[in-house]
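Residue-level structure breakdown
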Amino acid sequence: MSRIVECVPNISEGRDRTVIDAVTAVVQNIPGVALLDVDPGEETNRTVITLVGNPDATVDAAFRLIAEAQRRIDMSAHSGAHPRMGATDVCPFVPVSGVTMDECAELARKLGTRVGEELGIPVYLYEHAASRPERQNLAAVRAGEYEGLAAREGKSEWDPDFGPAKFNPRSGATAIGARNFLIAYNINLDTRSRKLAHDIALDIRERGRRKRDSSGKAIRDHDGKFVMVPGRLKECKAVGWLIPEYGAAQISMNLTNAEVTPVHIAFDAVVEEATRRGLRVTGSEIVGLVPLRALRDAGLHYLRRQGLSPAVSEADLVQQAVKSLGLDDLTPFDPASKIIEYRLQQPGRLVDKTVTAFLDELAADSPAPGGGSVASLMGALSAALSAMVTNLTVGKKGYESAEEEMKAVGLKAQQLKEAFAADIDRDTEAFNDLFAAAKMKRKTPEEVAARASALREATRAATLIPLGVLQRAVDTVELSGAVAERGNTNSLSDAGVAALAARACAEGAYYNVLINLIDTDDSEWAAPVMKDAAATLARVSAGAEAVTSRIRDRLEYTDATGQAADPQ
């Protein structure tokens, strides 16, 4: 799943497990969505539910959940410690992978429209989805809570974004929004002193600490508010506390925008502050789930600091992050259960099979996997070979001048390798979707039209995957040329095979573009696609020929008489 969003509905029930189970049950069997966490709170009388999945399926799941909460929860009888205004109080969308914040805001509007029109619940958009500046802050949207909703009627400034501008006694109102992913992150210290831990927290958190005069008295401004000295890290909330069961103090942080302050930057800042106070950081822990990108970025950060090549596998990057951040200090860190993308991986993926198992499935009598998946595999093999050559070059004597270039080439090669590997399964899935569309009923005019529309969409999807593979082959063959010219000469033959694999990838992908379009009636869309594919193949072929010709010249064998071997 390349496009992933998180959705975190908060329902106003945290005590009755029957109600909680009924609400969450409606989303458990929706294709493309996973229910990752259900966290009820008795004192707050509120349950935080975490869903992840592809955007459209997640919107559908959220709607079903809100509808079930409406049926099960009567807000007129609700009480709890947490601020709330509806049966489903808030429902934010959070970008995880391959989805932008603007797209999440659009998902919030899409869901809000359905909730308002079909369920009759007033909906207010907030944070990045807010329709007006004064509604960006959730606290402002929820002002007065459920008990204050009736007083909003007739006041235009309180008209909801969707749904009736009328008090709904049973369901209240719902805030739907888009926000950044929040990473709950704790850093462990070799002390039991809460005071020292909190002192570090005051220096790193964005809000900072109170400014004091020479006598130590906190300074207030002309409005009587405390003057604050901002801390080091933006988008960071932090406190220091003692965890008795660990026998150690922690800095407990919420990183509210990991794009601004990534995990590794927060960790390094705490290490510096702890060292300054004579303390040592012993490790850290991630509470809940974390996006893959956060650990990949951390792994790259520490490899670069160590002067090592960043052209390593995704698994190695994650392992580097785990070790450098000390994520297994208190308990073992299991990437399969802690990383969102890994929690969503379906069993039985082609890319997870052994070579023998993949070959056996390829040779079986089913039409997929087939040439499209093999073309993607050839691209992955080409990129992997180029990455290998860079790793055999970085740090080697005589190649100092090429080291930085090889690091960049290797990193790009690893990224291409992973993209090609994902397409091994995506190509097969697209073929299966196309096959399913072809089998649709066509007895009535309506069925014929529905089948034709489904075939057209499935054909486009099945075409765009090999087209993307073909387009990436351009970059792949260029990388093979870079490592052939400036990489370790002992691996020249490997660079040559990388170029050949890139050409095979491109040819195979091109054939799959053609076969998907051969019977299409969507000529207006197909014609420019075919033209683009032909031009791209020509670029790859020319690039591969240039690389392999140069390599053959450099590797040419001559016998004792000086006679060159005839490659024919």
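These remarks concern the structure in this document.

The rules behind each value
- Here, residues in each chain are numbered from 1, in the same order as that chain's written sequence.
- Only residues with pLDDT of at least 70 get local features here, since the model is predicted, and only at 80 or more are side-chain atom pairs given and counted; chain-wide, interface and lining totals rely on the full set of residues.
- To obtain the side-chain values, all non-hydrogen atoms of the structure were used and water was disregarded.
- Working definition: helices are DSSP H or I runs of at least four residues, strands are E runs of at least two. Numbering for both runs from the N terminus.
- Type-normalised accessible area, obtained with a 1.4 Å probe on protein chains alone, sets the label of each residue: buried when under 20%, exposed when over 50%, and partly exposed for intermediate values.
- Charged-residue counts in this description rest on Lys and Arg as positive and Asp and Glu as negative, His and the chain ends being excluded.
- By convention, the charge on Lys lies at NZ, on Arg at CZ, on Asp at CG and on Glu at CD.
- In protein, a polar contact requires one atom able to donate a hydrogen and another able to accept it; more generally it is a pair of N or O atoms within 3.5 Å, and residues adjacent in sequence count only if both atoms are side-chain atoms.
- Any two residues having at least one pair of non-hydrogen atoms within 4.5 Å are treated as being in contact.
- One requirement defines pairing of two strands: DSSP has to find at least two bridges between them.
- Buried residues of nine kinds, namely Ala, Val, Leu, Ile, Met, Phe, Trp, Tyr and Cys, make up a nonpolar core once their side-chain atoms join them within 4.5 Å.
- Pairing of aromatic rings covers Phe, Tyr and the six-membered ring of Trp, with a centre-to-centre limit of 6.5 Å; geometry is then stacked below 30 degrees between planes, edge-to-face above 60, and tilted otherwise.
- The rule is short: NZ of Lys or CZ of Arg within 6 Å of the ring centre and within 35 degrees of the ring normal puts a charge over the ring.
- Grid points spaced at 1 Å and placed over the protein atoms alone form the basis of the search, with a cavity being a set where a 1.4 Å probe fits but cannot get out and a pocket an open set showing protein on both sides within 12 Å along at least five of seven lines. Lining residues have an atom within 4 Å of a point.
- Grid points are joined across faces, edges and corners, and a volume is the space filled by probe spheres set on the points.
- Gly counts as polar in this scheme, as do all residues outside two lists: the nonpolar Ala, Val, Leu, Ile, Met, Phe, Trp, Tyr, Cys and Pro, and the charged Asp, Glu, Lys and Arg.

**Observations regarding the overall build of the chain**
The helix and strand inventory of the chain stands at 16 helices and 13 strands. With respect to the three principal axes, the spread of C-alpha positions in the chain is 95 × 75 × 40 Å. Buried residues in the chain amount to 48% of all 568 residues. With 67 positive and 79 negative side-chain charges, the chain shows a spacing of 6 Å between the two charge centroids.

**Observations concerning the side chain of Arg296**
With respect to the helices and strands, the residue Arg296 is situated in helix H7 (residues 292-305). Note on Arg296: relative accessible area 17%, which makes it buried. Separated by 2.8 Å, the side chains of Arg296 and Glu418 make a polar contact. With sequence-adjacent residues up to four places away left out, Arg296 is seen in contact with Glu314, Leu317, Gln415 and Glu418.

**Examining the environment of Ser171**
As for its placement among the helices and strands, Ser171 is situated in the loop between helix H4 (138-141) and strand S7 (174-178). Here Ser171 falls in the buried class, since its relative accessible area comes to 2%. Sequence separation between Ser171 and Ala67 is 104 residues; the distance between their C-alpha atoms is 9.9 Å. Once you skip the residues sitting within four places of it in the chain, Ser171 turns out to touch Gln70, Met75, Met85, Gly86, Ala87 and Ile121.

**Observations regarding the pairing of strand S12 (residues 248-255)**
Across the eight residues that make up S12, a large majority, seven, are buried. Pairing of strand S8 (residues 183-189) with S12, which is carried by six bridges, proceeds in the antiparallel orientation. Each bridged residue has a counterpart across the sheet, and for Ala184 the counterpart in S12 is Asn254. As paired elements, strand S11 (residues 236-243) and S12 share eight bridges and run antiparallel to each other. Looking at the pairing, Cys236 lines up with Leu255 of S12. Taken together, S11 and the strand that follows it, S12, pair antiparallel across an intervening segment of four residues, in which Gly247 is found at a positive phi of about 65°.

**Observations concerning the nonpolar core**
Membership of the largest hydrophobic core comes to 50 residues, with the highest contact counts inside it found for Phe93, Leu111, Val115 and Ile176. Tallying contributions element by element places helix H2 (residues 55-72) first for this core, with nine residues. Beyond its immediate sequence surroundings of up to four residues, Ile176 is in contact with Cys91, Phe93, Ala108, Leu111, Gly112, Val115, Val123, Tyr124, Leu125, Tyr126 and Ala129. One finds Val94, Ala201, Ala266 and Val322 within the second-largest nonpolar core, a separate group that totals 48 residues.

**A word on the environment of Met253**
Within the element layout of this structure, Met253 appears in strand S12. It is 6.6 Å that separates the C-alpha atoms of Met253 and Cys236, two residues lying 17 residues apart in sequence. Contact partners of Met253, with chain neighbours within four places excluded, come to Ile183, Ala184, Tyr185, Asn186, Ile187, Ile204, Cys236, Lys237, Ala238, Ala266 and Val270.

**Overview of the side chain of Asn516**
With respect to the helices, strands and loops of the structure, Asn516 is situated in helix H15 (residues 492-517). Residue Asn516 is classed as buried on the basis of its relative accessible area of 18%. Here Ala462 takes part through its backbone oxygen, which lies 3.0 Å from a polar atom of the side chain of Asn516. Among the polar contacts made by the side chain of Asn516, one reaches the main-chain carbonyl oxygen of Asn512 at a distance of 2.9 Å. With near-sequence residues (within four places) excluded, Asn516 lies in contact with Leu434, Thr459, Ala462, Thr463 and Pro466.

**Details of the packing of aromatic side chains**
For the structure on display, the rule yields four aromatic pairs. Between Tyr124 and Trp158, the ring centres sit 6.4 Å apart and the planes meet at 80°, which makes this aromatic pair edge-to-face. One end of the pair, Tyr124, is in strand S6 (residues 123-127); the other, Trp158, is in the loop between H4 and S7, and 34 residues separate them in sequence. On the accessibility criterion, Tyr124 (4% relative accessible area) is buried. Arranged with centres 5.6 Å apart and planes meeting at 55°, the rings of Tyr146 and Phe167 form a pair that is tilted. Pair noted here: Tyr146 is in the loop between H4 and S7 and Phe167 is in the loop between H4 and S7, with a separation of 21 residues, a long-range link. Taking the relative accessible area as the measure of exposure, Tyr146 reaches 9% and is therefore buried. When the ring centre of Phe226 is taken as reference, the NZ or CZ atom of Arg210 above it lies at 3.8 Å. One cation-aromatic arrangement involves Arg472 over Phe420; the distance from NZ or CZ to the ring centre is 4.8 Å.

**A few points about empty space enclosed by the protein**
Inspection of the entire model under this criterion finds two cavities of 30 Å³ or more. What the largest cavity holds in volume is close to 100 Å³. Every residue lining the largest cavity is counted, 14 residues in all, and those nearest its centre are Tyr124, Leu149, Arg152, Ala165 and Lys166. Taken as a whole, the second largest cavity spans an internal volume of roughly 40 Å³. Surrounding the second largest cavity, Arg296, Leu300, Pro310, Val312, Leu317, Leu411, Gln414, Gln415 and Glu418 form its lining. Where the lining of the second largest cavity is concerned, the elements lending two or more residues are H7 and helix H13 (403-438). Take the lining of the second largest cavity: its biggest share by element is four residues, from H13. Within the lining of the second largest cavity, the residues separate by chemical class into five nonpolar, two polar and two charged.

Read these as geometric descriptors, not functional statements.
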